[in-house]
Structure formats: C-alpha cells, structure tokens
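Next come the chains, spelled out residue by residue.
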Amino acid sequence: FQAEDGIRDQPRSRGLGDVYKRQTQRMISFDEHGQKWLHTGDIVRVDPDGFYYVIDRRKDMINRGGLKVYPRQVENVLKTHDRVVDAAVIGRDDPVQTQIVVAMVVTGKPVDDREELVASLRRLCRDHLAPYAVPEVIEFVTDLPHTALGKLQKYRLRENTQSPAEDKMSSGSDQDMHVAKDLH
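Definitions and cut-offs
Residues numbered from 1 in each chain as written. Predicted model: local features only at pLDDT ≥ 70, side-chain atom pairs only at ≥ 80, totals over all residues. Heavy atoms only, no water. 1 Å grid on protein atoms, 1.4 Å probe; cavity = no way out; pocket = protein on both sides within 12 Å on 5 of 7 lines; lining within 4 Å. Points joined across faces, edges and corners; volume = space filled by probe spheres on them. Helix = DSSP H or I, 4+ residues; strand = E, 2+ residues; numbered from the N terminus. Nonpolar A, V, L, I, M, F, W, Y, C, P; charged D, E, K, R; others polar. Buried < 20%, exposed > 50% of the residue type's maximum accessible area, 1.4 Å probe, protein only. Pairing = 2+ DSSP bridges. Right-handed = clockwise from strand over helix to strand, strands pointing away.

Here the largest pocket is characterised by a volume of approximately 360 Å³. Forming the boundary of the largest pocket are 18 residues, of which D60, R72, K151, L152 and K154 lie nearest the centre. Secondary structure elements with two or more residues in the lining of the largest pocket: β5 (52-57), α1 (71-78), β8 (86-94) and α3 (154-160). Across the lining of the largest pocket, the residue classes break down as three nonpolar, four polar and 11 charged.

Right, let's get into the pairing of strand β9 (residues 98-106). The element β9 is extensively covered by neighbouring structure, given that eight of its nine residues are classed as buried. Relative to β9, β8 runs antiparallel, the two sharing nine bridges. Within the sheet, the bridge partner assigned to I90 lies in β9 and is V102. Counting the residues between successive antiparallel strands, the hairpin from β8 to β9 contains three residues. Note that the unit made of β9, helix α2 (residues 114-128) and strand β10 (residues 137-140) has a crossover that is right-handed.

Structure, rendered in structure tokens:
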C-alpha cells in the first residue's frame, strides 16, 4: 500500500492510496529495500480494521482544476435516480479547468423532459457530492460500451468524446443524445 504522501508501508488506519502487490516473477518496480512490486492502478481506502475498499482506477480519475473527482462516486449517485438505468462519468479536456466532469446517462426510455431531468440529476449530485464533482455536461445516450463480461469500456467513451469547443453532436439523433451544460 502506498499512501498519497508517497510512503509505502503496511496499511495505516485510514487514508487513500495505491495498491502494490509484492511479486517474485513479474515486477514493475523495486522499493528502497530491493523488494519487487506490481502497481495495480487501483485507488483504495483502508478502514481502521485494515479492510481495503477500491475507490476507483487511477487512470479514470478526473483532475478538475487540481481537485480529484472519482468517477465511480459520481456514477453511483447518478444510478440512484429512478430514471437512470446506467451511467458513466469521464473527464473531458478543458483549457480552464484542466478537465470537466462529463456524465453519460442511459435512461432506457426516450426523454421528453430533458431540462427537467438534467435539473433533477444535478440536484441529486449537489446533495451528495462536492460542488466540483457535479457533472458540467450531461449527455443522454441509448447505450454504453461494455465488454462481453459486462465491464464498462471507458477508453471507448474517452476516444469518442469531444472537447467543449467541438460540441457538435454528430453521433446520434436528437432522440439518442442530449448535451446539457451547467453554466455556473
């Protein structure tokens, strides 16, 4: 376990950090004591009893003006809404904020009251998340890319997302996708 302050040791009573697994055959790095370690890319929290809880993947973390946004936390909040079937959250490059939070939401049924639903989703996020974690852009999509095992393919979402300056919604009809930006 390596804490955010860079110290790699036995789990502490609290905190966030990266998971490193001691290896004998495959190795990624050596520590100062010559031990081999594999960096998993998982961000975990360790509770006072020593149990690990995966918060998110390091590569999925969004940097919003220097503040860390963990997409899984935003997705979990969005999925509590009764009209949301699935949700994915990614970062989109932004010249001012480094990245902005973009939510892609599947409702399962056509959305007739888009502005009302966007307002409801933002209200839900504001009630449960830090202000900087509330999605700036909410896109309604008909489906999200998954592997055969059901794992969300975020890399495909990141490949297909456009910067705010290029927000021409060429993929899908108006029924399939809607973009709503929060102008603070």
